[in-house]
Amino acid sequence: MTMQTGGRGGRGEAWDAFRAGLGERHPVFVSVLGICSTLAVTTAVRYAAVMAAIMTVTLLVSALVVSLLRKRIPPAYRIITYLLVISTPVILLQKLLQLSFPEIAASLGPYVGLVITNCIIMGRIEACAVLRPPAVALADALGAALGYGTLIVALAAARELLGTGRILGMALFSEGYPPCGFFQRPAGAFLVLALTLALFRRLRGFRTPGRGGGR
Amino acid sequence: MSGVLPGLFLAAIFTDNIALTMFLGLCPFLSLSRNLPVAAAMGFSVTLVMTVTAVMDWILMRHFLMPYRLEYLQFLVFILVIAAVTQVLEAIIDRYSPRIYGAFGVFLPLVAVNCAILGVSLFAVFRDYGLVETFVYALGSGIGWTLAILIMSGLRRHLVFCRPPEALGPVGTVMTLASLMALAFGCLSGLVAR
Amino acid sequence: MAALQEILLAVLLVEAMVGGLCVAILAVRHLVCRWPNVPLHLDGTETRIVAGGQSLLAAVRGEGYLLPGSCGGRGTCGICRLQVRKGGGDYAPAEEVLISPDDLRAGLRLACQVRVRGEIEAELPADARAATFVRSLVSSRDPLPSGVHRLLVRVVEPRGWTFAAGQYVQLFRQRPIPGDEPLTRAYSVASDPACPETIEFHIQYVPGGEMTPWLCGRSPGDELWFSGPYGGMILSDADAGKQIVCVAGGVGFAPMKSVILSLAGQASRQTLWLFAGAATPANLYDHDWAVGMAARHPWFVYVPCVQALPEKSANDSGEGGKEFEHGLVTDALERRFPAGTPAVALLCGPERMVAAARLILAGKGLELKDIRADTL
């Protein structure tokens, strides 16, 4: 993935970088990254919301740190440096989660730790943060995090509602609604994501991305 | 204990399939399932690295991190182990089997960033598996991942003859196939005695 | 106190593990990666015993043959080509990208992508056999208004080093050590081959590049190493009697300058067309020189082409736009060069320009063997 190299002014560039994460460079839909956790944590809205928050904080912190260090990171050791930078906030957030919401922490299990290998973070760092000043890197990271976060919360809402008839534990339908367990199952996750992707593409007018996927 | 192992192995392959149920290692699952030889090569590399790292990670976790209450360092240590194991395996395969290296060598570094590898190690710790169980679980998971990507690449060949809804796009189509495969794999739960 | 202890313990444990893993990797490398020595047959005439496990490029360079290459063995520049007759193993992905399927089947390989695992028979390109390391001293460096630097160097060692007009050399950032993989880039020689002790280079400054910012910081008296000469974009005796058509983009002008100087020295009667392309008139950095040469030598037809014409200003007598062809250099070639002329073509410029010019010239009846090119 290449960053545009046009010499735009600082604010315009940051805004463009932010917007790209929600549209033309959407991390999940366009770049097809970070699908693993997207599907695993979307059985209930509260899991998805916690995951989105963890992802946002981690992306912002690691983008900021890498961007500040970008001139000092030796290219040969950059990947391991990124991993160290990413794992620090993840470890802290996991501890915090275990202390404040032990039930959610137990349900999410290893998926919190797997944020470290989430390709979205690595992708944004390698494509943007390591090349750009902190303001642009932060905007870019926030865009990607919001793009990811809104998607997984929406997916979780659909799966929780259809699969259990409830949202955040509140029943939305009358007693007569038979919960469709399919949507709580893995197969349902794949299908809901596929349909959401179709919706996204429909809204954007079938513009095929430059890379990622393709038969 | 030994009676549980076959069940664990089959569960890891089918009902707990690392790609279709745990959603791990999906990036290469989607991007490398376009052709069969590449999918097979990637599957082999994943199985190999997964088994070796899960066992090593288990030993390090139980004998070095847990005694000192440093469990929170597991992510860091596991990632380092994965990186080291891929390097070592690459060197060994390169030296002793040029043909295998020619076919798989390119994929080993890719495996290092595959979240399925880290995921299996983390799950083994999370579920308190013993050493033998970890080995069986990791081997089964690797085989399960390979099976899933092989079936997917077989299915994708036939997509040439179909016209899936345009809005789905290539990724959406594969995702729908994965959904159907997940259903099919889930139905094998009768194999595994709970 | 307990916290401090835990931090210490954690740091020590992680360090120990990292250290242990590094030792394990090194030990495996040491135990496993011991390759036997293997015979390397070159051109069917000589056999060298080289260490296994290295790339063919490293092996050939280790034997003192300066095979060119710009990317440090990463398989991206595609310069280190040679013919492999036997051995060499399967094609690497980079080779399938950079070498045409026909050439691959005929045994053309990228030396940096071939691992020496067993006996290998290869053929060295003639220029790799003749090339030597050259030590030179910078005599001057002039930044020209268009971001091109004109670098003049004086050859110190070896004495009597020569090149043919149109050839290039590989400039090094450091003194090259045989067997090492130093940072190097290819630059065409722009000066007259009749005086090979003074060499002229045209260097397009690339901001943030690995090579050009360094090169464009050299000052008179600095040492500069290169190896060469390389390249088959040269004229031979068989080309006498044909017209010569040179198509240059940007600093692709450099080898053409050398060719023109060499022909001027031989009192040539061959018509030479030079289609020189650049973005703006300012980027045609040696325009005045070429205009002067064209005025003195009736056989030299100079066609400068710019994509953007200069804006008419008050002190401009209106001549500004007239002397330049407007548009791409290949458009001018299409318009101006008569079809069916027996000619040899020398092309140097960006890949797309070279590819387009090749098509146009083939369409105008030139034989493929008479179209010789270097891409920038």
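Residues numbered from 1 in each chain as written. Chains lettered and ligands numbered in written order. Predicted model: local features only at pLDDT ≥ 70, side-chain atom pairs only at ≥ 80, totals over all residues.

## Considering helix H1 (residues 2-32) of chain C
Phase 1 of the analysis: If you check H1 of chain C, its first and last C-alpha atoms are 44 Å apart, about what 31 residues at 1.5 Å a residue would give, namely 45 Å.
Phase 2 of the analysis: Burial within H1 of chain C is sparse, with just one of its 31 residues counted as buried. (Helix = DSSP H or I, 4+ residues; strand = E, 2+ residues; numbered from the N terminus. Expected span 1.5 Å × (residues − 1). Buried ≥ 20, exposed ≤ 12 C-beta atoms within 10 Å, placed from the backbone.)

## As for the nonpolar core
Note that soluble globular proteins tend to have their nonpolar side chains buried in a common cluster.
Phase 1 of the analysis: In terms of nonpolar packing, the biggest core is built from 138 residues, with Met51 and Phe190 of chain A touching the most fellow members.
Phase 2 of the analysis: Per element, the largest residue contribution to this core is 13 residues, and it comes from helix H7 (residues 134-164) of chain A.
Phase 3 of the analysis: If we ignore the near neighbours within four places in the chain, the residues touching Met51 of chain A are Ser37, Val41, Leu108 and Ile152 of chain A.
Phase 4 of the analysis: Counting residues in hydrophobic clusters, the runner-up holds 92 residues, among them Phe163, Tyr187, Leu224 and Val247 of chain C. (Core = buried A, V, L, I, M, F, W, Y, C linked by C-beta atoms within 7 Å. Contact = placed C-beta atoms within 7 Å.)

## Section: the pairing of strand E14 (residues 300-306) of chain C
Residue and element names in this part refer to chain C.
Phase 1 of the analysis: Burial of E14 is extensive: six of the seven residues sit out of reach of the surface.
Phase 2 of the analysis: Where strand E13 (residues 272-278) and E14 come together, seven bridges link them in parallel fashion. Within E14, the residue paired with Phe275 across the bridge is Val303.
Phase 3 of the analysis: Regarding topology, helix H8 (residues 287-296) serves as the crossover connection from E13 to the parallel E14, and that connection is right-handed. (Pairing = 2+ DSSP bridges. Right-handed = clockwise from strand over helix to strand, strands pointing away.)

## Regarding the interface of chain B and chain C
Phase 1 of the analysis: Every contact between the two is made by 17 residues of chain B and, on the other side, 16 residues of chain C.
Phase 2 of the analysis: Elements supplying a minimum of two residues to the side of chain B that touches chain C: helix H3 (36-65), helix H4 (74-96) and helix H5 (98-104) of chain B.
Phase 3 of the analysis: Its residues placed into classes, the side of chain B that touches chain C shows 14 nonpolar, two polar and one charged. (Nonpolar A, V, L, I, M, F, W, Y, C, P; charged D, E, K, R; others polar.)

## Looking at the sheet that holds strand E7 (residues 148-157) of chain C
Residues and elements named next belong to chain C.
Phase 1 of the analysis: The strand order E9-E8-E11-E6-E7-E10 describes an open sheet built from six strands, whose pairing is antiparallel. Edge positions in the sheet fall to strand E9 (184-188) and strand E10 (198-204), since each of these pairs with one other strand and no more. Neighbouring strand axes in the sheet, compared pairwise and without regard to direction, differ in orientation by 40° on average.
Phase 2 of the analysis: Two strands pair when backbone bridges link them, and strand E8 (residues 168-172) and E9 are joined in this way by five bridges, in the antiparallel orientation. Note that in E9 the partner of Tyr168 across the bridge is Ser188.
Phase 3 of the analysis: The strands that helix H7 (residues 253-265) touches are E8, E9 and E10; relative to E10, the one it contacts most, it runs at about 155°. (Axes fitted to C-alpha atoms, helices over the stretch in contact; angles between N-to-C directions.)

## Remarks on unusual backbone geometry
Phase 1 of the analysis: The step from Glu157 of chain C to Pro158 of chain C runs through a cis peptide bond, and the omega angle for that step is -10°.
Phase 2 of the analysis: One non-glycine residue with positive phi stands out, namely Arg69 of chain B, at about 55°.
Phase 3 of the analysis: Mapping Arg69 of chain B onto the fold places it in the loop between H3 and H4.
Phase 4 of the analysis: In this model, Asp43 of chain C sits at a positive phi of 55°, which is unusual for a non-glycine residue.
Phase 5 of the analysis: Along the polypeptide, Asp43 of chain C turns up in the loop between strand E1 (37-42) and strand E2 (46-51).

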